[in-house]
Amino acid sequence: MDTFFAEVILPRLLPGTLRYRLKRGMEAHLEVGMRVVVPLKRKFITGIVAELHTEVPKEYSALYIDSILDTHPILFPNQLKFWNWISEYYLCTLGEIMAAAMPSALRMGSESIYTLSATYDEDAAQPQFSEREKELLLGLEHRETMSFDEICKLLEIKSPQAVIKRLLDAGAIAVMEEIKEMYKPRVETFVGLHPRLSDEDALREAFDKLETSPRQLEVFMKFMQLSGAHEKRSARIKRSALQRKAACSPDTVKRLADKEVLVLVKSEVDRIPATNSDLQALPRLSPAQERCLHSLQEQLKDKAVCLLQGLTGSGKTEVYLRLIQEQIEQGKDVLYMLPEIALTTQIIQRLQRYFGDRVIVYHSRFNQQERVEIWEKIHRDAESGGRVILGARSVLFMPFKHLGLVIVDEEHEHSFKQFDPAPRYHGRDSAIVLAGLFGAGVILGSATPCIESRYNADSGKYGFARIDERYGGVSMPAIELSLLNHKTAPDGNFTQSLLDEMGRALERDEQIILFQNRRGYAPVLICQDCGWAPECTRCDVSATYHKAADRLLCHYCGQRYNVPPSCPACGSHKLRLAGVGTERIEEELPVFFPDARIARLDYDSTRTKHAFTRIVNDFQDGEIDILVGTQMVSKGLDFDNVSVVGILNADLLLKYPEFRAMERAYQLITQVAGRAGRRKVQGRVLVQSRDPSQWLLQQAIRGAYEEVYARELAERKKFGYPPFVRLIVFTVKHRQLEMVDLASAKLVEALAEIFPAGSILGPEYPLVKRVKNLYQKNIMLKISPQLSLKKSKEVIRGIINSFGAKREFSSVRIVVDVDPQ
């Protein structure tokens, strides 16, 4: 009789899978894609079965799988293929992918901490649980929290995952890390009519008795009005709604319950609320949109990927809606990707208007409990299809089964690329591969496509369609360059021409967006006597002053510092703030426009879960007159009443030593400018610069994408950059500078033995040499089309593995970034 083995993916930094042996008879119940509990370093951990076979390991004796957690696979075959591709292409481990792809509650580990759930009802729950489950619940009642090892000791078993899983599924316990991440119990208290008042006589008697308590009678009458309990005795409403409508306290409702007039019932509710079922018909397309739609439909028959280049405000979303409807009618899913979580706010509302509950949203702002619910919902309904799954790059890892179309909106955005931690995948490029596994089409949309995507379209690899006019005949905004110096802007931040335009817009009750690509109050605090400036103790970079918190903050590691009362170097009290951030702009605006309502949209103002949505909705509803922001204000937001956009310092976008700097600056200026004049009248955009004659700024005001594209393409071909070569950047990190120098030099030697001269740049220090107490050096490798990319990466993986095996470099960390952005 054959002995079966399983290759198991574990959420650890392991080069590959680990092989485990199946217990006798286990092969009849185990499938690829299921979770299993396996031993690892004297602990038990949850892994995913990647393969089943009968090949006996020769070098070691395989340990046994302890138990199976699932009755059906939680990963589908195409998901595992996708994981394997990411691992091979981006030179990362399957364990890193598992940790990034799956909600933590689905990958229980022996280091997790467990506690009783806030929804746990002891009396209602006890009968349904086994003796071991009851024992664990009793232990958690006494100790509040327990680690995995403590549960093992309590239950006197080595692997209690099955017990834990059942209690997690039942909502009786929770993983402690979920509670730390804004865990909110799925329980609401509802108010209903007490069962004893089921007939008219009993109800009339209750009214009579409440005559002596006028306030309670008033609340009871409000309940009857809101719930409709006159007609349907079993009707219930939320207690919070009754308290709000009746303007009463919880005590008043409780007294009515004590008198057996009302009854309070706790009930589980869905964290992801259902949307209104009243759907609208899709909007009519303009002739230009119709032509674009027809072109895409035809090209998708032959091309796996099509690029849609449309002006800002041209109505690309309306074209997407038609393509989505086609897939839904065929019972297939649509993956709609956006580069930022922030962008989902407006697009969710638009999609739900037409597709209702078919729209499912997933992103990293959801807490762990919500992520599990969404994962399981998509997995559970995978066979039925016909859904729109919307999210940022992490949505790629959802359990799709019938994927028909992938839409990557704002495809040029570099935030589609994951930086830290691994896997450092690019959402756009990975989405194309994922779609290929299903035979699904891909639409890449942008007003300013990235150079690589446009090149692929021009070379015939991608299909190509465009919309060259704004929807509804609205004109493109008029863009004006404004010289920024001490004469035109005495205060240093606003030229008189910008202030005049803002004043006229406010007089017309129109809105304004101001873009400053720097958050905080001031980038530098400097001593006027000796030139001292505060630096982060963990990074080689100055700390930024944030006035709201009255702290200095490092934007690289997050370390906070108190503001010194005097210069630590010379003792001078002449400390001056230099530079301008969004916080300072927000503070200075009331000097010029004292009656204007001003808000800020940046990383600091949107840290909480719903902050971005609140600010965007307030601006959309006209509650804000001037919105100051960083790149967040540029990313696809659609506001009807914005007539003026100000770019306060365009020079900040251009002066960056990176080969994509010009491309990014053009895209950003165009995208920010595109927020103006999208509905009523032509918008105005003022771009402030200390040198308005710069070539790129001249192209930006003309909307000359083709000229910028042609120049960038020629320069990249000349100097050897994408799309003509592939890039891989190695970052060598260590606490000691000398070790970084030595290790990076040795790594270059190893690469030079394989790759041709001139293809390796570096090693060199980046602009910030030390981050989080780790010194770093970069090495860039260019891989030409003549070399096999797959074989090159196999060689690189071998070099990295052998490098790490050397004792002298065991503490050196090498970060590999494929296709850096």
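Residues numbered from 1 in each chain as written. Predicted model: local features only at pLDDT ≥ 70, side-chain atom pairs only at ≥ 80, totals over all residues. Heavy atoms only, no water.

1. Structural notes on the packing of aromatic side chains
Link 1 in the chain: Using the criterion set out here, one finds 17 aromatic pairs in the structure.
Link 2 in the chain: On the numbers, 4.8 Å between centres and 75° between planes, the contact of Tyr 89 with Tyr 90 is edge-to-face. Here Tyr 89 matches Tyr 90 in class, with each residue buried.
Link 3 in the chain: With a centroid separation of 6.3 Å and 50° between ring planes, the pair formed by Tyr 666 and Tyr 705 is classed as tilted. Taken together, the residues span a long stretch of sequence, with Tyr 666 in helix H22 (residues 661-673) and Tyr 705 in helix H24 (residues 705-719) at a distance of 39 residues. Comparing Tyr 666 with Tyr 705 shows no difference in burial state: the two are buried.
Link 4 in the chain: Geometry around Trp 695 places Arg 711 over its ring, the cationic atom sitting 4.0 Å from the centre.
Link 5 in the chain: A cation over a ring is seen here: Lys 777 above Tyr 765, with NZ or CZ 4.6 Å from the ring centre. (Phe/Tyr/Trp six-rings, centres within 6.5 Å; stacked < 30°, edge-to-face > 60°. Buried < 20%, exposed > 50% of the residue type's maximum accessible area, 1.4 Å probe, protein only. Helix = DSSP H or I, 4+ residues; strand = E, 2+ residues; numbered from the N terminus. Lys NZ or Arg CZ within 6 Å of the ring centre and 35° of its normal.)

2. What about the side chain of Glu 588?
Link 1 in the chain: Inspection of the secondary structure puts Glu 588 in helix H19 (residues 582-592).
Link 2 in the chain: Here Asn 493 takes part through its side chain, which lies 2.7 Å from a polar atom of the side chain of Glu 588. (Polar contact = N/O pair within 3.5 Å; in protein donor to acceptor, adjacent residues only side chain to side chain.)

3. Concerning the confidence of the model for the chain
Link 1 in the chain: Here the chain averages 89 in pLDDT, while 95% of its residues score no lower than 70.
Link 2 in the chain: Long-range and interchain partners of residues 177-185, a stretch whose pLDDT sits below 50, account for 24 contacts in this model, where long-range means more than four residues apart. (pLDDT = per-residue confidence, 0-100. Contact = heavy atoms within 4.5 Å.)

4. Let's talk about the sheet that holds strand E16 (residues 403-409)
Link 1 in the chain: Spatially, seven strands are ordered E14-E15-E13-E16-E17-E12-E18 in an open sheet, and the strand pairing comes out parallel. The strands lining the two open edges of the sheet, one partner per strand, are strand E14 (359-362) and strand E18 (463-467). For this sheet the average axis-to-axis angle between neighbouring strands, irrespective of direction, equals 20°.
Link 2 in the chain: In this sheet, strand E15 (residues 388-391) lies alongside strand E13 (residues 333-337) in parallel orientation, the contact comprising four bridges. In the sheet register, Tyr 336 faces E15, and the bridge partner there is Leu 390.
Link 3 in the chain: Helix H12 (residues 287-299) contacts strand E12 (305-310), strand E17 (441-446) and E18 of the sheet and is inclined by roughly 175° relative to E18. (Pairing = 2+ DSSP bridges. Axes fitted to C-alpha atoms, helices over the stretch in contact; angles between N-to-C directions.)

5. So, the packing of H22 against H24
Helices that pack against each other are described as a pair by the angle of their axes relative to one another and the distance between those axes.
Link 1 in the chain: One way to put it is that H22 packs onto H24 with a least axis distance of 10 Å and a crossing angle of 165°. In terms of orientation, H22 and H24 fall into the roughly antiparallel class. With respect to the hand of their crossing, H22 and H24 are arranged in left-handed fashion. Across from Met 662, Glu 663 and Tyr 666 in H22, the residues of H24 making contact are Tyr 705, Val 708, Glu 712 and Arg 716.
Link 2 in the chain: When the residues that make up the contact of H22 with H24 are grouped by side-chain class, the tally is four nonpolar, no polar and three charged. (Parallel < 35°, antiparallel > 145°, perpendicular 65-115°, else oblique. Left-handed = near helix turned anticlockwise from the far one by under 90°. Nonpolar A, V, L, I, M, F, W, Y, C, P; charged D, E, K, R; others polar.)

6. Some words on unusual backbone geometry
Glycine aside, the phi torsion of most residues is negative, and most peptide linkages are trans.
Link 1 in the chain: Here Ala 422 and Pro 423 are connected by a cis peptide whose omega angle stands at 5°.
Link 2 in the chain: For Pro 423, the position within the fold is in the loop between E16 and helix H16 (427-438).
Link 3 in the chain: The step from Pro 722 to Pro 723 runs through a cis peptide bond, and the omega angle for that step is 15°.
Link 4 in the chain: Topologically, Pro 723 is positioned in the loop between H24 and strand E30 (726-734).
Link 5 in the chain: One non-glycine residue, Glu 410, lies in the positive phi region at around 50°.
Link 6 in the chain: Along the chain, the position of Glu 410 falls in the loop between E16 and H16.
Link 7 in the chain: Of note in the backbone geometry, Lys 772 takes a positive phi value of approximately 55° without being a glycine.
Link 8 in the chain: Positionally, Lys 772 belongs in the loop between strand E32 (770-771) and strand E33 (774-783).

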